[in-house]
Amino acid sequence: DAGVIQSPRHEVTEMGQEVTLRCKPISGHDYLFWYRQTMMRGLELLIYFNNNVPIDDSGMPEDRFSAKMPNASFSTLKIQPSEPRDSAVYFCASSSSRADTQYFGPGTRLTVL
Amino acid sequence: SQQGEEDPQALSIQEGENATMNCSYKTSINNLQWYRQNSGRGLVHLILIRSNEREKHSGRLRVTLDTSKKSSSLLITASRAADTASYFCATPSGGSYIPTFGRGTSLIVHP
(Lines give C-alpha, C1' and ligand atoms only; values in the text may rest on other atoms or scores of the structure.)
Protein backbone atom coordinates (compact mmCIF):
# COMPACT_ATOMS: atom_id res chain seq x y z
CA ASP A 1 0.00 0.00 0.00
CA ALA A 2 1.25 3.51 -0.76
CA GLY A 3 0.26 4.81 2.63
CA VAL A 4 -1.76 7.94 3.25
CA ILE A 5 -1.45 10.36 0.36
CA GLN A 6 -1.85 14.09 0.72
CA SER A 7 -1.81 16.83 -1.86
CA PRO A 8 -0.49 19.34 -2.40
CA ARG A 9 2.68 19.02 -0.31
CA HIS A 10 3.15 22.77 -0.25
CA GLU A 11 0.65 25.54 -0.76
CA VAL A 12 1.32 29.25 -0.77
CA THR A 13 -1.66 31.52 -1.13
CA GLU A 14 -2.79 35.01 -0.36
CA MET A 15 -5.12 36.03 2.38
CA GLY A 16 -8.74 35.70 1.36
CA GLN A 17 -8.20 32.90 -1.11
CA GLU A 18 -9.84 29.50 -0.87
CA VAL A 19 -7.55 26.59 -0.04
CA THR A 20 -8.40 22.92 -0.55
CA LEU A 21 -6.28 20.16 0.93
CA ARG A 22 -6.74 16.59 -0.19
CA CYS A 23 -6.23 13.21 1.41
CA LYS A 24 -6.42 9.61 0.29
CA PRO A 25 -6.46 7.23 3.27
CA ILE A 26 -5.12 3.71 3.37
CA SER A 27 -7.56 1.34 1.73
CA GLY A 28 -9.70 -0.49 4.27
CA HIS A 29 -9.25 2.05 7.04
CA ASP A 30 -12.56 3.20 8.50
CA TYR A 31 -11.27 6.25 10.35
CA LEU A 32 -9.82 9.41 8.89
CA PHE A 33 -8.38 12.27 10.92
CA TRP A 34 -7.35 15.82 10.03
CA TYR A 35 -4.73 17.52 12.20
CA ARG A 36 -3.03 20.90 12.22
CA GLN A 37 0.49 21.35 13.59
CA THR A 38 2.06 24.63 14.62
CA MET A 39 4.92 25.52 16.91
CA MET A 40 2.60 27.42 19.20
CA ARG A 41 -0.21 24.89 19.57
CA GLY A 42 1.42 21.58 18.71
CA LEU A 43 -0.64 18.91 16.98
CA GLU A 44 -4.37 19.63 17.09
CA LEU A 45 -7.14 17.29 15.99
CA LEU A 46 -9.50 19.23 13.75
CA ILE A 47 -12.06 16.61 12.76
CA TYR A 48 -12.40 12.90 12.30
CA PHE A 49 -14.62 10.66 10.18
CA ASN A 50 -15.84 7.13 10.64
CA ASN A 51 -17.10 5.33 7.54
CA ASN A 52 -17.18 8.69 5.71
CA VAL A 53 -19.36 10.32 8.37
CA PRO A 54 -18.00 13.26 10.40
CA ILE A 55 -18.05 12.23 14.04
CA ASP A 56 -16.40 15.08 15.90
CA ASP A 57 -15.61 18.47 14.40
CA SER A 58 -15.16 20.29 17.69
CA GLY A 59 -11.54 20.99 16.81
CA MET A 60 -12.38 22.94 13.68
CA PRO A 61 -11.33 26.47 14.62
CA GLU A 62 -13.94 28.48 12.75
CA ASP A 63 -16.69 28.31 10.19
CA ARG A 64 -14.06 29.15 7.60
CA PHE A 65 -12.94 25.53 7.90
CA SER A 66 -14.93 22.68 6.42
CA ALA A 67 -14.18 19.03 5.70
CA LYS A 68 -15.86 16.41 3.60
CA MET A 69 -15.42 12.75 2.88
CA PRO A 70 -17.55 11.91 -0.17
CA ASN A 71 -16.28 8.33 -0.30
CA ALA A 72 -13.99 5.92 1.51
CA SER A 73 -10.94 6.88 -0.52
CA PHE A 74 -11.03 10.66 -0.50
CA SER A 75 -11.36 13.57 1.89
CA THR A 76 -10.92 17.31 1.61
CA LEU A 77 -10.25 20.07 4.09
CA LYS A 78 -11.24 23.49 2.83
CA ILE A 79 -10.43 26.91 4.22
CA GLN A 80 -12.43 29.80 2.84
CA PRO A 81 -11.37 32.56 3.17
CA SER A 82 -7.84 31.82 4.31
CA GLU A 83 -5.98 34.01 6.80
CA PRO A 84 -2.28 34.28 7.70
CA ARG A 85 -2.94 32.61 11.08
CA ASP A 86 -4.02 29.48 9.19
CA SER A 87 -0.40 28.94 8.17
CA ALA A 88 0.58 25.52 9.49
CA VAL A 89 1.26 21.96 8.47
CA TYR A 90 -1.94 19.99 7.96
CA PHE A 91 -1.82 16.24 8.37
CA CYS A 92 -4.26 13.58 7.40
CA ALA A 93 -4.15 10.21 9.16
CA SER A 94 -6.15 7.02 8.88
CA SER A 95 -6.65 3.99 11.08
CA SER A 96 -8.63 0.78 11.18
CA SER A 97 -10.09 1.57 14.59
CA ARG A 98 -10.46 4.75 16.61
CA ALA A 99 -8.11 3.80 19.41
CA ASP A 100 -5.29 2.08 17.56
CA THR A 101 -2.37 3.01 15.38
CA GLN A 102 -2.80 6.02 13.16
CA TYR A 103 -0.96 6.23 9.86
CA PHE A 104 -0.03 9.75 8.91
CA GLY A 105 0.41 11.30 5.52
CA PRO A 106 3.41 13.51 4.73
CA GLY A 107 1.45 16.68 5.42
CA THR A 108 0.63 19.84 3.51
CA ARG A 109 2.62 22.91 4.48
CA LEU A 110 0.27 25.87 4.05
CA THR A 111 1.53 29.43 3.97
CA VAL A 112 -1.01 32.23 3.79
CA LEU A 113 0.53 35.59 2.95
CA SER B 1 -7.28 19.43 25.62
CA GLN B 2 -4.00 17.57 25.86
CA GLN B 3 -4.04 14.36 27.81
CA GLY B 4 -0.36 13.46 27.65
CA GLU B 5 2.65 15.67 28.21
CA GLU B 6 6.20 14.69 27.33
CA ASP B 7 9.26 15.54 29.36
CA PRO B 8 11.83 16.87 28.70
CA GLN B 9 10.85 19.22 25.89
CA ALA B 10 14.31 18.88 24.40
CA LEU B 11 17.13 16.37 24.79
CA SER B 12 20.61 16.49 23.31
CA ILE B 13 22.94 13.49 23.55
CA GLN B 14 25.92 11.90 21.89
CA GLU B 15 25.67 8.95 19.56
CA GLY B 16 25.84 5.69 21.48
CA GLU B 17 24.20 7.09 24.61
CA ASN B 18 20.74 6.13 25.77
CA ALA B 19 17.83 8.55 25.51
CA THR B 20 14.91 8.51 27.91
CA MET B 21 11.70 10.43 27.40
CA ASN B 22 8.74 10.50 29.71
CA CYS B 23 5.03 10.99 29.26
CA SER B 24 2.53 11.82 31.97
CA TYR B 25 -1.20 11.73 31.52
CA LYS B 26 -4.24 12.70 33.54
CA THR B 27 -7.03 10.16 33.23
CA SER B 28 -7.24 6.39 33.03
CA ILE B 29 -6.28 4.90 29.69
CA ASN B 30 -6.60 1.59 27.90
CA ASN B 31 -3.48 2.09 25.85
CA LEU B 32 -0.67 4.54 25.18
CA GLN B 33 1.20 5.04 21.95
CA TRP B 34 4.56 6.54 21.02
CA TYR B 35 5.22 8.18 17.66
CA ARG B 36 8.28 9.68 16.00
CA GLN B 37 8.34 12.65 13.66
CA ASN B 38 11.37 13.43 11.56
CA SER B 39 11.77 17.01 10.44
CA GLY B 40 9.36 17.87 7.67
CA ARG B 41 7.64 14.50 7.76
CA GLY B 42 4.48 12.95 9.14
CA LEU B 43 4.32 11.05 12.41
CA VAL B 44 5.30 7.41 12.39
CA HIS B 45 3.94 4.94 14.90
CA LEU B 46 6.60 3.29 17.08
CA ILE B 47 4.88 1.23 19.69
CA LEU B 48 1.55 0.73 21.48
CA ILE B 49 1.41 -0.48 25.05
CA ARG B 50 -1.85 -1.57 26.63
CA SER B 51 -2.92 -0.78 30.17
CA ASN B 52 -2.37 -4.36 31.32
CA GLU B 53 1.23 -4.34 30.09
CA ARG B 54 4.13 -2.92 32.07
CA GLU B 55 6.92 -3.10 29.53
CA LYS B 56 7.30 -3.58 25.82
CA HIS B 57 10.29 -3.84 23.52
CA SER B 58 10.81 -3.18 19.85
CA GLY B 59 14.38 -3.32 18.62
CA ARG B 60 16.31 -0.61 20.46
CA LEU B 61 13.12 0.81 21.95
CA ARG B 62 11.82 0.00 25.39
CA VAL B 63 8.54 1.40 26.64
CA THR B 64 7.30 1.16 30.18
CA LEU B 65 3.90 2.01 31.57
CA ASP B 66 3.05 2.73 35.18
CA THR B 67 -0.70 3.18 35.44
CA SER B 68 -0.51 3.94 39.17
CA LYS B 69 1.65 6.97 38.42
CA LYS B 70 -0.08 7.71 35.12
CA SER B 71 3.24 7.80 33.33
CA SER B 72 5.17 6.10 30.57
CA SER B 73 8.75 6.23 29.44
CA LEU B 74 10.42 5.61 26.11
CA LEU B 75 14.03 4.46 26.18
CA ILE B 76 16.14 4.43 23.05
CA THR B 77 19.31 2.46 23.61
CA ALA B 78 22.60 3.01 21.78
CA SER B 79 21.23 6.05 20.00
CA ARG B 80 22.20 6.95 16.46
CA ALA B 81 22.22 10.23 14.58
CA ALA B 82 19.25 8.90 12.61
CA ASP B 83 17.21 8.86 15.84
CA THR B 84 17.19 12.66 15.76
CA ALA B 85 13.49 13.50 15.68
CA SER B 86 10.57 14.60 17.82
CA TYR B 87 8.87 11.94 19.89
CA PHE B 88 5.22 12.11 20.91
CA CYS B 89 3.07 10.12 23.25
CA ALA B 90 -0.61 9.72 22.45
CA THR B 91 -3.29 8.73 24.92
CA PRO B 92 -7.05 8.36 24.49
CA SER B 93 -8.89 11.46 25.60
CA GLY B 94 -12.21 11.27 27.38
CA GLY B 95 -14.76 8.78 26.21
CA SER B 96 -13.97 9.06 22.53
CA TYR B 97 -10.92 6.75 22.67
CA ILE B 98 -9.31 8.97 20.08
CA PRO B 99 -5.60 9.40 20.85
CA THR B 100 -4.53 12.93 21.61
CA PHE B 101 -0.92 13.97 21.25
CA GLY B 102 1.40 15.79 23.61
CA ARG B 103 3.77 18.58 22.57
CA GLY B 104 6.61 16.15 22.03
CA THR B 105 10.24 15.75 23.03
CA SER B 106 12.78 17.02 20.53
CA LEU B 107 15.76 14.65 20.51
CA ILE B 108 19.07 15.55 18.92
CA VAL B 109 21.72 12.87 18.65
CA HIS B 110 25.15 14.24 17.83
CA PRO B 111 27.43 12.02 15.72
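Predicted model only: the values in this text are computed from it and were never measured. (Residues numbered from 1 in each chain as written. Chains lettered and ligands numbered in written order. Predicted model: local features only at pLDDT ≥ 70, side-chain atom pairs only at ≥ 80, totals over all residues. Heavy atoms only, no water.)

Q: Can you break down the overall build of chain B residue by residue, with the values?
A: Across its full length, chain B holds 0 helices and 11 strands. For chain B, the N- to C-terminal ordering of α and β elements is β-β-β-β-β-β-β-β-β-β-β. Compactness check: chain B gives a C-alpha radius of gyration of 13 Å against a globular reference of 13 Å for 111 residues, within 12% of the reference. Principal-axis analysis of the C-alpha atoms gives chain B an extent of 45 × 30 × 20 Å. By the burial criterion, 43% of the 111 residues in chain B qualify as buried. Considering only intrachain contacts with a sequence separation of at least 6, the fraction spanning at least 24 residues in chain B is 54%. On chain B, roughly 5300 Å² of surface is accessible, and the fraction owed to carbon and sulfur atoms is 45%. (Helix = DSSP H or I, 4+ residues; strand = E, 2+ residues; numbered from the N terminus. Rg over C-alpha atoms; globule rule 2.2 N^0.38 Å. Buried < 20%, exposed > 50% of the residue type's maximum accessible area, 1.4 Å probe, protein only. Contact = heavy atoms within 4.5 Å. Areas by Shrake-Rupley, 256 points an atom, 1.4 Å probe, with all protein chains shown as cover.)

Q: Describe the environment of D100 of chain A, with residues and values.
A: In this structure, D100 of chain A sits in the loop between β9 (88-95) and β10 (103-104). Apart from residues no more than four positions distant in its own chain, D100 of chain A is found in contact with S95 of chain A together with N31, Q33, Y35, L48, R50 and P99 of chain B. A distance of 3.2 Å separates a polar atom in the side chain of D100 of chain A from a polar atom in the side chain of S97 of chain A. (Polar contact = N/O pair within 3.5 Å; in protein donor to acceptor, adjacent residues only side chain to side chain.)

Q: If you had to explain the state of the cysteines to someone new, which residues and values would you point to?
A: What is meant by a disulfide is a covalent connection between two cysteines, made through their sulfur atoms. Residue and element names in this part refer to chain A. Scanning the entire structure with this criterion turns up 2 disulfides over all chains. Through a disulfide, C23 is tied to C92; the S-S separation comes to 1.8 Å. Residues C23 and C92 are joined by a disulfide whose S-S torsion is about -65°; by sign, that bridge is left-handed. Residue C23 is found in strand β3 (residues 19-24), and its partner C92 is found in strand β9; the two are separated by 69 residues along the sequence. (Disulfide = S-S within 2.5 Å.)

Q: Please set out the sheet that holds strand β6 (residues 55-58) of chain B residue by residue, giving values where relevant.
A: Residues and elements named next belong to chain B. Taken together, 5 strands build an open sheet; the order of strands is β1-β3-β8-β7-β6 and the sheet is antiparallel. Strands at the two margins of the open sheet, each flanked by one partner only, are β1 (4-7) and β6. Taking the axes of each pair of neighbouring strands and ignoring which way they run, one obtains an average angle of 20° across the sheet. Here strand β7 (residues 61-66) pairs with strand β8 (residues 71-76) via 6 bridges, running antiparallel. In the strand pairing of β8, D66 is matched with S71. (Pairing = 2+ DSSP bridges. Axes fitted to C-alpha atoms, helices over the stretch in contact; angles between N-to-C directions.)

None of this, on its own, says anything about what the molecule does.
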